[in-house]
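Structural description and commentary
Spelled out, the chains give:
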Amino acid sequence: MVVEIEDGRIRRLEAHPENRATPEGICLKGLSYYERVYSPDRILHPLRKNQGTGEFERVSWNEALDLIVENLERFRVDSGPQSVLYYAGSGTKGLLNGVGMDFWRLYGGCTTTYGDLCWPAGLEATRLTLGDNKHSAPWDIAEARLIVMWGKNASETNIHQMAFVEQALDGGAKLVVIDPRRTQTSERAELLIQPRPGTDGALALAIAGLIIDNRWIDVKFVSDHVLGFERFSASARGMTPERAAEITDVPVAYIHRLAELIGTHGPVTISPGFGMQRFTNSGQTMRSILALLAITGNIGKPGAGWVYANLQSQIFDEVKDPIACYPPGFATAQMGQGGLDENLAVDAEDPVRVSISTALLGQQMLATADPPLRMAWVERGNPVTQNPETHTVLDAFRSLEFVVVIDQFLTDTAREADLILPAKTMFEQSDVIGAYWHPYIQIKQKMIEPLGEVKPESEVYYLLARRLGFDEEALAGRIPGPSDAEIESFLEARLAPFEGLSLAELRKGPMLPPDHQEVAFSNFLFSTPSGKIELYSEEAAARWDVEPLPTFTEPVESLRVQESSTVAGPTEPAVTGAESARYPLHFMTPNTKNRIHSQFNNLQMIRQFGDQPFVLMNPDDAAARDIRDGDLAEVFNDRGRLRLGVRLENGLKAGCVVVTNGWWISEGGTVNFCSIGRETDMGHGAAFHDNMVDVRRVAGAD
Ligand SMILES: Nc1nc2c(c(=O)[nH]1)N[C@H]1C(S)=C(S)[C@@H](COP(=O)(O)OP(=O)(O)OC[C@H]3O[C@@H](n4cnc5c(=O)[nH]c(N)nc54)[C@H](O)[C@@H]3O)O[C@H]1N2
Ligand SMILES: Nc1nc2c(c(=O)[nH]1)N[C@H]1C(S)=C(S)[C@@H](COP(=O)(O)OP(=O)(O)OC[C@H]3O[C@@H](n4cnc5c(=O)[nH]c(N)nc54)[C@H](O)[C@@H]3O)O[C@H]1N2
Ligand SMILES: [Mo]
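We now examine unusual backbone geometry. The general pattern is negative phi for most residues beyond glycine and trans for most peptide bonds. Along the chain, glycine 266 connects to proline 267 via a cis peptide bond; the corresponding omega equals -5°. Along the chain, proline 267 falls in the loop between α12 (252-264) and β11 (268-272). The step from aspartate 370 to proline 371 runs through a cis peptide bond, and the omega angle for that step is -5°. Relative to the elements of secondary structure, proline 371 occurs in the loop between α16 (361-367) and β14 (375-379). Notably, aspartate 545 is not glycine yet its phi reads approximately 60°, a positive angle. Here aspartate 545 lies in the loop between α23 (538-544) and β20 (566-567). Phi is positive for histidine 684, which is not a glycine, with a value near 55°.

Right, dumping it as structure tokens:
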């Protein structure tokens, strides 16, 4: 962004002209930062909960820091440093985020989480197959002749990508969208395929079988660059179009049409989203879809490829996005060549206990022993609304003796705090950031002094470390002092190992990382164990206990599991088919245009476009329950319930209901009251969408 300042206040926000990924300018969320920074609701000084009244009362920084230090010292002496949980979400990224873990190491250790709420099943599936998580520059998609938006709603969640998709379409390319919902992304699609949620793996395997049968494969590419084609072929052909149609609810004719398009209308770019990687079978699903590009040679060429995660700008361990909450080294190993498992086997010397699965946060916080948790420190996240099982997460926070939350606003998680510290916004401290779609490394320059009494996290850590008795020497190179000069020299030192990168250069505009590939894998080097694209992955089998080939299994919660059989996710005991199918409707909880998860919806600029949660239903599902448009209804399962107004939507597949995620508890739409803590088959992700509910009309409400 280009930020114009007048009299110390932000006056104007504009897109930086040199960022080629954002030619259409800033989205509404970006523009709403103006309101976000100066919002009357913003927390501008420390707040302590009055244990009698439950109200928050203003305290000075001295009191706040004393209170923290007093608790930290007590817990360390009585129970050991691992009785403190350090939890960081994905609210803001940057090099300075690594400072948190340095503080906890100095303190003597802590307990922290592994895995991630967002996308690790897909990251791991991609790493196992291609060796690296990278893709071509955003503008390359304009060269594609076929674009498949598979479980991705870019019109809302990646609006800048749509500009390049539109360019491709204007030039004659075709767009296919695969989503149980009709979305804004599908407006110009030539084909909208609406699979039953969680069955995309079966669809992909059937398409692969047809591509192979019709000899639409790229024989040379396969023989040069693909491992396991023969075995994959045999397995994919087992998934006939008829069988896939039965599993997925997609007509056979559509399966044939998509196979023909992918097989004959290249270059093909598949841009998979996160929708179908939030199930217990997602890693295998993502591997099945990626295989379609491998067998047709749509990798390493302009206009072709797998646009999932572009981590080329993530050159610093500290900003491996969005998994920034691991101790240094941990994230690198997961995303790079090393393995997750050897890192999870905690080094006996390491004072940081990496023991809580983010997907199971509530359950595992409560179950943690030796030592049990007594305190939590939360920053840049809102786990009460965003992590699975809101009830359990609330119980877990309420079981602790002392909770510190750093945030800009009084979120549902902040309300659980004993002490709230005010958080900076991106304009109040300089930092260096990478991205996960566009390739740039950028500086986020301090533009205004922090409002009120706000102190950036790094300064809070610095002050705490000093109070805990660490001198400047102990902090040098780890936790910078508070002045602008100290922050800048800290950042400069992190940039120094990279030739050409410096704050001065970054101030001129966005920079490409060293060795950037505009067309990813154009050198056809794949850093898998075999050096080839691995359709057959022994590593997948060894690490995640799945078949070495991508195969289809039903999600745990499914109406199609035979009553007599049992299914199990990776982190829970098996349930019988009858149990798994007790509720008949798939509960989808996607993202939405004008919020980022639980952020922005408290601003007037955003609320004017909708200030109330609602549930979308297919008219047939509604009629079967005597529900009409506008009725008040209850979405429920064993885990929780939500009372919401109903909107009928013809474009939504029957058997699915939708509430966007991120609504605050006070607004009544917190979807994770109905979800369960459950991991994906690989990557330790959260299987939010593996979740069935029912809906009933609330009688007499009208
Ligand atoms: N049911 C369901 N749940 C989901 C999803 C879903 O699809 N369905 N999606 C999941 C996904 S993909 C994700 S990524 C997660 C997101 O989960 P979170 O990262 O927990 O979610 P956010 O709502 O973005 O909350 C970020 C918080 O950080 C605060 N913040 C912003 N900047 C700063 C800062 O500089 N310092 C501090 N201290 N705080 C800051 C914001 O005010 C906000 O409260 O949610 C997940 N939850
Ligand atoms: N405006 C906005 N943009 C965002 C975010 C935001 O909160 N708001 N969050 C950012 C983050 S952290 C993330 S992770 C991304 C997510 O970006 P996306 O992946 O585009 O978003 P989602 O809404 O999670 O899911 C995409 C689609 O998957 C569909 N879907 C659900 N289940 C299935 C299934 O089983 N199969 C198929 N084929 N489709 C399915 C949903 O209907 C939805 O339309 O967006 C990023 N961009
Ligand atoms: Mo995410």
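Further notes follow.
A few words on the site of ligand 2. Around ligand 2, 32 residues are found, and the nearest of them are Thr157, Asp179, Arg181, Arg278 and Arg595. Note that an oxygen atom of ligand 2 is positioned 2.6 Å from one of the side-chain N or O atoms of aspartate 179. The contact in question runs from an oxygen atom of ligand 2 to an N or O atom on the side chain of arginine 278, over 2.6 Å. Protein coverage of the free-state accessible area of ligand 2, which is 900 Å², stands at 96%.

Another aspect to go through is the environment of phenylalanine 552. By the element assignment, phenylalanine 552 lies in the loop between α23 and β20. The contacts of phenylalanine 552, once residues within four sequence positions are left out, are Gly198, Thr199, Gly201, Ala202, Leu205, Met239, Ile247 and Asn281.

With their axes 9 Å apart at the nearest point, helix α4 (residues 98-107) and helix α19 (residues 457-467) run at an angle of 15° to one another. In terms of axis orientation, α4 runs roughly parallel to α19. For the pair α4 and α19, the crossing hand works out as left-handed. Mapping the contact onto sequence places Val99, Gly100, Phe103 and Trp104 in α4 and Ser458, Tyr461, Leu464 and Ala465 in α19. The residue makeup of the contact of α4 with α19, split by class, is six nonpolar, two polar and no charged.

In this section: the site of ligand 1. Among the 29 residues in the neighbourhood of ligand 1, the closest are listed as Ser90, Gln386, Asp407, Glu457 and Ser598. Asparagine 382 places a main-chain nitrogen or oxygen 2.8 Å from an oxygen atom of ligand 1. Asparagine 661 places a polar side-chain atom, nitrogen or oxygen, 3.3 Å from an oxygen atom of ligand 1. Protein chains bury 97% of the 930 Å² of accessible surface belonging to ligand 1 in isolation. Here the residues of the shell around ligand 1 sort into seven nonpolar, 15 polar and seven charged.

A water-sized probe rolled over the atoms picks out the places where empty space is left. Looking at the second largest pocket, its volume works out to about 640 Å³. Around the second largest pocket, the lining comprises 27 residues; the ones closest to its centre are Glu156, Thr592, Phe614, Arg647 and Thr660. Contributing elements (two or more residues each) for the lining of the second largest pocket: β23 (614-617) and β25 (641-648). Of the residues contributing to the lining of the second largest pocket, the split by class is nine nonpolar, ten polar and eight charged.

What counts as what
Residues numbered from 1 in each chain as written. Chains lettered and ligands numbered in written order. Predicted model: local features only at pLDDT ≥ 70, side-chain atom pairs only at ≥ 80, totals over all residues. Heavy atoms only, no water. Helix = DSSP H or I, 4+ residues; strand = E, 2+ residues; numbered from the N terminus. Near = heavy atom within 4 Å. Polar contact = N/O pair within 3.5 Å; in protein donor to acceptor, adjacent residues only side chain to side chain. Areas by Shrake-Rupley, 256 points an atom, 1.4 Å probe, with all protein chains shown as cover. Contact = heavy atoms within 4.5 Å. Axes fitted to C-alpha atoms, helices over the stretch in contact; angles between N-to-C directions. Parallel < 35°, antiparallel > 145°, perpendicular 65-115°, else oblique. Left-handed = near helix turned anticlockwise from the far one by under 90°. Nonpolar A, V, L, I, M, F, W, Y, C, P; charged D, E, K, R; others polar. 1 Å grid on protein atoms, 1.4 Å probe; cavity = no way out; pocket = protein on both sides within 12 Å on 5 of 7 lines; lining within 4 Å. Points joined across faces, edges and corners; volume = space filled by probe spheres on them.

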